[in-house]
Structures are given as C-alpha cells and as structure tokens.
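Chain by chain, the residues:
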Amino acid sequence: MERTQQIMGRARATFNSGRSRPLEFRIQQLKALERMVQEKEKEILAALKADLNKCGHNAYSQEILGVLGELALTMEQLPSWAAPQPVKKNLLTMRDEAYIGYEPLGVVLVIGAWNYPFVLVMQPLIGAIAAGNAVVVKPSEVSENTAQLLAELLPQYLDKDLYPVVTGGVPETTELLTQRFDHILYTGNTAVGRIVMSAAAKHLTPVTLELGGKSPCYIDKDCDLAVACRRITWGKYMNCGQTCIAPDYILCDPSIQGKVVENIKATLKEFYGEDVKSSPDYERIVNKRHFRRVKSLLEGQKIAHGGETDEASCFIAPTILTDVSPESKVMEEEIFGPVLPIVTVQSLDEAIEFINHREKPLALYVFSNNKQLIKRVISETSSGGVTGNDVIMHFFLSTLPFGGVGHSGMGAYHGKHSFETFSHRRACLIKDLKMESTNKMRYPPSSQKKV
Amino acid sequence: NPFAGLVSHLRASWLSGKMQSMEYRVTQLEALEHFLDDKKQEILDATASDLGKAPFETELSEIFLCKNELHETLNNLSRWMKDEHVDRTLALQLDSAFIRKEPYGVVLIIAPWNYPIQLFLVPLIGAIAAGNCVIVKPSEVSKKTERLVAEVLPGYLDKDCFAVVTGGMQDTTRLLENKFDYIFFTGSPPVGRIVMTAAAKHLTPVTLELGGKNPCYVSDTCDVTNVARRVAWGRFFNAGQTCIAPDYLLCTVEMQEKLLPALRKAIDDFYGPNPQESPDFGRIVSDKQFRRLQALLGSGRVAIGGQTDEAERYIAPTVLADVLPSDPAMQEEIFGPILPIVVIANMDEAIDFINSRERPLTIYAFSSNNKVVNQVLERTSSGGFCGNDTLMHVTLTSLPFGGIGNSGLGMYHGKFSFDTFSHRRGCLKRGMGREPLNAPRYPPYSQQNFRVIRATSRVTRKNDCTLL
C-alpha cells in the first residue's frame, strides 16, 4: 500500500534529519501530549465509554492518571536519563574517555491493544518520544472509537511527520509489519506475538512483546480472607475481567473454597449492588466475538455465583466457578473475562508444581500472612511480575519494569525502563593519538614478556 | 527430534532449582577457569591448527579476556544477584518493591569460528552467573577447537546442567526446533535472521551479535605513524577475522598517500619482510573463506601485499588503494587481512558515506582534533565507537558490547552479560493490614475517593506548586 510507504519514508527522512534528537524538542512534544490529555479529557473518556462501557472514574484512574504520571516523570527525568554514563576504566584506559551514550534507535512501531486502548498506546509512545525516535502508532481497531480519536488528536498536538498514526485491521497491520522498523513494541496475545516477532526477524528488528497468559492467584489458608478476596475481586472484575494482569484463576485448599466464594460474593454486592447490570461502574465485554468466547468457557462448569449473560449488551455477570478441573476449557486459555475459576490443591507444593507445569504467566499473585511462604512461591516460580497480598498493583509502580517472560512476553517498559527499551546504548572509547609507547606491548613481534 | 531428550533433561535440572544458589554458580564458574588453566596448551594448539593463531594472540584474545570476565563476574556476582529495591510512590511507602534477577531456564549459545573459545565462553559465563542451564554449540568450521570443547569441557561442568552439541548446519537447524528460554548467537546477519525466525516460533528472546563493514575514518590532522600502527594492528590481528576489525578506511587522497608508506612500515615492523614466515600472522580458517577473500583482491589496486598461498591458506597483509564503493571489496564484510581505502573529499562526505550504509558493529575515527572525532561519533550510529584506536573498546568489561540494526541486537560483557541472561521480575509485596488505605480504589466510585487516589499516587513535576 502506497500510503504506508509514504508514511514510513517521511518518518525515516525526518528522523534522519535529526529533528527528534534535541532534548528540548522531545520535552516540547511530551508537553504537547500532556496538553492533549488535559484539554481533550472529555473526548478521551467518551471514546473509552463507547468502546468498553468504561465509566468516567474508572477510565480516568485506569488510563488517564497513569499517562499523566508517566509524562510528568519522563519530562522531569529525561535530562538525567539521556546523559552519557561514564564507566569504570582499567589501567590501560585510565587517560581515556569511556562512557555509554544513549541514542535513539530510529523509527519504531507501537501496536496497541483494545482493552486499555488509550494507556497502552500512550505509555510506549511517551518512552519512544523521550528516547528521540520517530514513532508509528497503530492503535487496535477493535477499540475503534479510541483508535479514531488518536488518529485525529495526535497529529493536532504532535509533529505530523515523526509520529504518524496508522489505523486499520489485520491487512493494514500485516502491511505495516513488512516495513523495516528499528524496534517494535507490541501489546496483545501470544499467537500474534509470534507473527510480530517472525516479521521482525526478517529485518533483525528487536521487539518488546507484552503478551498474556493465565496469571495464577494462590490463597494460603493462613490469611485474612476478607481482605484478600476484596482485593482479588477488585482486580479480577475491573474492566469486566479484560486485563492482561487480572488474577486469571485461584488456587487454594478445598477447605477454604467455600469461604472464598462467600467473601467474593459479599464484595461484589458491595462494589456493584444487588443488580450488577445496572451498576454504572461495571463494564461490558468489548464485542460479540469475545462475548461468545467467554460464555463458552462456562459450559459444563459448576457456577457458584453469577453466570447470567446478555448477548445484546455483551453483558456477562461477575462469575465464580468452583471445583474446576485443570483439563477443562476454562483452564486452557487466558480467560480475559469476568469468570473466576477456583482450582483446589492439596498443598503448597502442589500449587507450585501446578503453576510451573504451565506457561510462564505475565503476573503471579500470592496471599498469605506467612512471609516465608510468599518468598518461597516467588523463588520457586517464574512470571513477568509479582504482587504479594494484592493484585495488579505492581503495574502502577513505574520504577518496576513491566513485562512478561516466556509465552507472556519479552522485554519491559514503564518509566525509565521505557526510555531504555527505546534507546541504543552505544559503547564509546575515546583515546589520544599520543602515548603510543603504551601500545607497543600489544604489537607483534610477540614475546612472552609482552604477554 | 534428536535433541529433545537433552533439552528436557536440562530443563528438569533447571526446574529442580539446583542452580539457584550463588555457591553452585561460583563452583561452575571456577571450573571454567580451571579449564582455561589446565587446557591452556591444548587451546593454543587447537587455535593454531584451526586459524594459524599466534600463541600471543590466543593468550590475549581467547584466554586473558575470558579470565578478566570470569574475575569480574566472580568479584561482583553476589551484588548482581541481589534484589534491586526501587523507589515507591506515597501510596506504596509501606510496601516492599524490588526487581528480582532470575534465570530464564535453558539457554542455547551458538558460537562462531573466529575466536572459538572466547565467543562461547564469555556468554557462557553470563548464562551461568545468571543461573541458567546451557547448551553450547561451537562452530564446526574451527574443527580442532570444536573437538577440544566437546571432549573436554563437559568434564569440568555439571553434566545435568551443561552440554556441548556438535555438528553442522543441519544439526543446528534441528537444535533450533526445540524450545529454548534464551538464544545467544554470534555470527553473520543472514544466519541471525534464521535464528531469530526459529526463536519467534517459541517466543524465545535472543541476543544476536552479528557484523557488518566497520568504517575507519582518518582525518587529515593526525599522527600518521601512530594511526597506521593502530589500524594495522586492528586489521591484521587474527588475519583480519575479527567482527570489530576496521573493515575499510575513509580518507582524502592526500592522506592515502601518507598512510601507504606508514602502513607498509607498520606491517614490516610487525611481521617482517615476509609475513608468511612470521609466527605472529594467522591463516584463513577454510578453503571456502580463502577463495572468497582471494576474489576481493581485484578491487582498486594492490598497494601493499596481495600475495596468497592456497596450500597454507595464507593471504598477505594487504592494503588496496583507490577502491570504489562499487568494488567487490565494498559489498560484503571482508573478514580477512585486506584493507581497502576509499577516497573521500572531506569529513562530511565520509559521514554521509557511513550513514548511507547499514549500521555497523563499530565505527572508528582518527584525528588529533577532538572535535572531529566527536563529530563522527555524534552524526553516525553504530553498536560501539572507538576514537583514535581500534578494538580496544571491547576490552573494557564496563562497556556493553553489541550491535544495532543489521549488526545485531542486545549486548553483553561484564554485568551486561549477567543482565542479558536474567529475567528482571518486578515484585511488589504488600501487607494484609491497612485495608482502609485501599478503600478509595474500590467501587462504587466517587469523585471524593478519586481525589484521594490522585493525591497519594501522583507524580508531580518538581516545579509544580501543589498548593494550587
């Protein structure tokens, strides 16, 4: 498609001209983004409501607050992040200049996802701009209102040549992936992650893949169940379960399964009232295809709570499944919906083995009053990130790298980690042309003495 | 799948957790040092046989550099392994937030033939330090070294966690069908693509140390004698078979005239009037590579050297003058003892020339005027950069070593090796108490609650007045 070629050509030529490199320029662009978020708050919230039925407060705290924080942090820290880092020298290089320079990679591609369509484009974009790159932005077509809005707003506030927005579906994305980028950050599912990396391999393009998986949540017998279940309920059902780091399923001893269900039920009533459907704070499934997918996971399961669905509005009630079999469909794929299976395990060992038998998840959660137990679970498993005694929260601390491992992804970002992801660390050694006598040792003809 | 059993055996060992402790990793690393000490003569003999490497070069580039990496790692491992505590927001002040360094699992290291010990051993040090199990695939082209590593190395390491696999292209392809948790590849860009494509099927992260044509710009203001010696040393070390060797020179026609006699003298000082007789000058690794290089000799005009001896796979230290950008010597990475000089009018032209080509592993710039060196540095892009010398930037373990674009992705050496082979896991540990502090985030939502969240988790710019 000619349009893609033109967009790429312009972005690359503009990058090569050096426009995006000066720190002042980058900060100016970030400031413009900040203005955009503040001035167009209403429009952004409206788009999120249209795409996911996200209410204002939810949308603001989940998507906008984080972006404003990231912008403030980045603008503040950029001069120190971008400064060359002198390194330790040895005797031979004592008189030389040795340092690591942070340089932009070139033209990078950011592919967003539909579940948090604003923040999942904005956060990578902030890091990529801060690092001095040109950025092609490809928001998810599934959250079409937000995609449209970004396509309208970004060119109004940012440099049009350096930060183009490309909209469209699979054909447009496939076309985009044939182009040569200097880094690709993709947020989405594992299957498409493979496709992105294969396409990147043709050009030797480094990638950051933020994928997904089934994030396990282990509840120990020794813990404050009321508090644990409240936190789990919050993280599981926010955005109608469509969160990459939602606690996907629970692992616990059969003796507490009943209490877990009761506590979650009580919390749900507190959060959403008697009639969840009419609560302004409860979202909907993004579209009919995902609605049907999540609904089908309920087949043959013991529904302890919820289970009501309404296709017309893509509504699925907050649902809990008990005594779920590890082989069932709901335990095969990432749920990405408001369905919470409980799988019982007889011991901590069994829980750890269960987790390790499966693909490495994006997040792992463990609830216990016993600090040693938490330590053990963390050290005997692997995952992108961890929150102990809560869920989701590690995402909000930008000093922690956010990313996956194994099938849940590779690379990380947020805060300074974004800046580093989108930078090339160039090793620099500057010597003097004088002092040649110290070099004599290394030249042939050789002798043992020289060694 | 002939390697499936091996890979799953290693994975089981990794899952057993035996590699977790620092003590275990230290024992394995110390064993590597014993290997270098005990088998020094065998290593010298094998590399001499494979590449005609002078003992001096082998001691320096294959043994000494590896020992430096080992010592650096052993000295710092405990610090590198520690959890890294991070700054927290107001809302999380009472929690524990840190980055854990964890192994990936089973790592594959594919090494090339030109520095056949260093280029598997240095990554191996990082992989072990980070707690991974490793399969090493040395190059079949450096045959004697491959045999040495395959027969001797496993005896020094824990056989449950480490293995050496030998073979050619076909075996490597079969090996790559397996799922690894990290792949570290050193070699050419075309094979790099194949490795990354195979890795993509399993979503395996990779580090690719590739190559390219490393330009070497020589400005008109410089000490010609010193430049010639440093460039000749970097070019002809290991008979030119070095990924960071200066691949070609860019200079004015006047500088070319000055450099030629200086280069001639440097070569004579280093290798004597007949380099074929010097014990310090290497040989080309294979007939295939020899013939490839021989074909490049037709570019420009042979100003120095040019002699070849197929029986010995000897190519004399050669300098080609007046080479054109369209000549064969300028179409591929040379990887041999041939130094083309491409004449340009000035520094700007040199920079444009460099920028119109693929980004190389290294860029060199020589000038007694620091501003010139900095201009070249700032207006170009490459894996690394060295001003007024060649090769030396990779001897500092505190500098990252890696490429960009076609010359590679990722980096290593020193702590960067440990980081490359570690998964940095973000961890937040909260308490079960203080639940009222969480209350504002729960539904039903309200403006008031929202203000509390904002106040406790916002990041403000230092100049903002919070009273407003």
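Criteria and cut-off values
Residues numbered from 1 in each chain as written. Chains lettered and ligands numbered in written order. Predicted model: local features only at pLDDT ≥ 70, side-chain atom pairs only at ≥ 80, totals over all residues. Heavy atoms only, no water. Helix = DSSP H or I, 4+ residues; strand = E, 2+ residues; numbered from the N terminus. Buried < 20%, exposed > 50% of the residue type's maximum accessible area, 1.4 Å probe, protein only. Contact = heavy atoms within 4.5 Å. Areas by Shrake-Rupley, 256 points an atom, 1.4 Å probe, with all protein chains shown as cover. Lys, Arg positive; Asp, Glu negative; His and termini not counted. Charge placed at Lys NZ, Arg CZ, Asp CG, Glu CD. Buried area = accessible area lost by both parts, 1.4 Å probe. Salt bridge = Lys/Arg side-chain N within 4 Å of Asp/Glu carboxyl O. Polar contact = N/O pair within 3.5 Å; in protein donor to acceptor, adjacent residues only side chain to side chain. UniProt positions renumbered as here; feature names shortened; annotations may be inferred. Domains from an automatic or database assignment. 1 Å grid on protein atoms, 1.4 Å probe; cavity = no way out; pocket = protein on both sides within 12 Å on 5 of 7 lines; lining within 4 Å. Points joined across faces, edges and corners; volume = space filled by probe spheres on them. Nonpolar A, V, L, I, M, F, W, Y, C, P; charged D, E, K, R; others polar. Pairing = 2+ DSSP bridges. Axes fitted to C-alpha atoms, helices over the stretch in contact; angles between N-to-C directions.

What about the overall build of chain B?
- If you tally the helices and strands in chain B, you get 15 helices and 18 strands.
- For chain B, buried positions account for 62% of its 468 residues.
- Taking all contacts inside chain B whose residues are at least 6 apart in sequence as the whole, residues at least 24 apart take part in 71%.
- For chain B, the accessible surface area stands at approximately 17,100 Å², while carbon and sulfur atoms represent 53% of it.
- Between the averaged position of the 50 positive side-chain charges in chain B and that of its 53 negative side-chain charges there is a distance of 9 Å.

Describing the interface of chain B and chain A
- The interface is formed by 107 residues belonging to chain B together with 110 residues belonging to chain A.
- Between chain B and chain A, a total of about 8,800 Å² is buried, with carbon and sulfur atoms accounting for 60% of that surface.
- Taken together, the connections running from chain B to chain A amount to nine salt bridges.
- Measuring nitrogen to oxygen at the nearest pair gives 2.7 Å for the salt bridge that ties D390 of chain A to R441 of chain B.
- Connecting chain B to chain A are 45 residue pairs in polar contact (both at pLDDT 80 or more).

Examining the UniProt feature "domain: Aldehyde dehydrogenase" (unreviewed entry) in chain B
- When the UniProt feature table is mapped onto this chain, "domain: Aldehyde dehydrogenase" (unreviewed entry) is found at residues 21-423 of chain B.
- For the annotated span residues 21-423 of chain B, helix accounts for 42% and strand for 18% of the residues, and the straight-line distance between the end C-alpha atoms is 16 Å.

A look at the UniProt feature "active site" (unreviewed entry) in chain B
Residues and elements named next belong to chain B.
- UniProt's entry tags E209 and C243 with the feature "active site" (unreviewed entry), counted in the numbering of this structure. Taken together, the annotated residues stretch across 35 residues yet fold into one region, lying no more than 9.1 Å apart by C-alpha.
- Tracing the backbone through its elements, the reader meets E209 in strand β7 (residues 206-209).
- Classification of E209 by relative accessible area gives buried; the value is 2%.
- E209 has contacts with F184, F185, T186, G187, F401, G402, S407, G410, M411 and Y412, leaving out every residue within four places of it along the chain.

Some words on the domain arrangement of chain A
Residue and element names in this part refer to chain A.
- Under the domain assignment used here, chain A contains domain 1 (1-211 + 409-429) and domain 2 (216-395).
- For domain 1 and domain 2, the distance between their C-alpha centres works out to 31 Å.
- Listed per partner, the contact involves 14 residues of domain 1 and 16 residues of domain 2.
- When domain 1 packs against domain 2, the two sides together hide about 1,400 Å² of surface, and 54% of this comes from carbon and sulfur.
- It is N53, W114 and Y116 that lose the most area in domain 1 upon contact with domain 2, and together they represent 32% of the buried surface on that side.
- There are zero salt bridges connecting domain 1 and domain 2.

Digging into empty space enclosed by the protein
Residues and elements named next belong to chain A.
- In the structure shown here, the tally under the stated rule is nine cavities of 30 Å³ or more.
- A volume near 140 Å³ is recorded for the largest cavity.
- In this structure, the largest cavity is lined by Q62, Y116, V119, L120, M238, T243, C244, I245, I392, F395 and F396.
- Taken together, the residues of the lining of the largest cavity break down into nine nonpolar, two polar and no charged.
- When residues of the lining of the largest cavity are assigned to domains, at least three fall in each of domain 1 (1-211 + 409-429) and domain 2 (216-395).

Here's the deal with the sheet that holds strand β3 (residues 106-110) of chain B
Residues and elements named next belong to chain B.
- Here we have six strands laid out as an open sheet, ordered β5-β4-β3-β6-β7-β17, and mixed in their pairing. Each edge of the sheet is formed by a strand with only one pairing partner; in this case those strands are β5 (162-164) and β17 (408-409).
- Looking at chain direction, β3 and strand β6 (residues 182-186) are connected through four bridges and run parallel. Bridge pairing links I109 to F184 in β6.
- Each of β3, β4 (133-137) and β5 is contacted by helix α1 (residues 4-15), which is oriented at about 150° to β4, the strand it contacts most.

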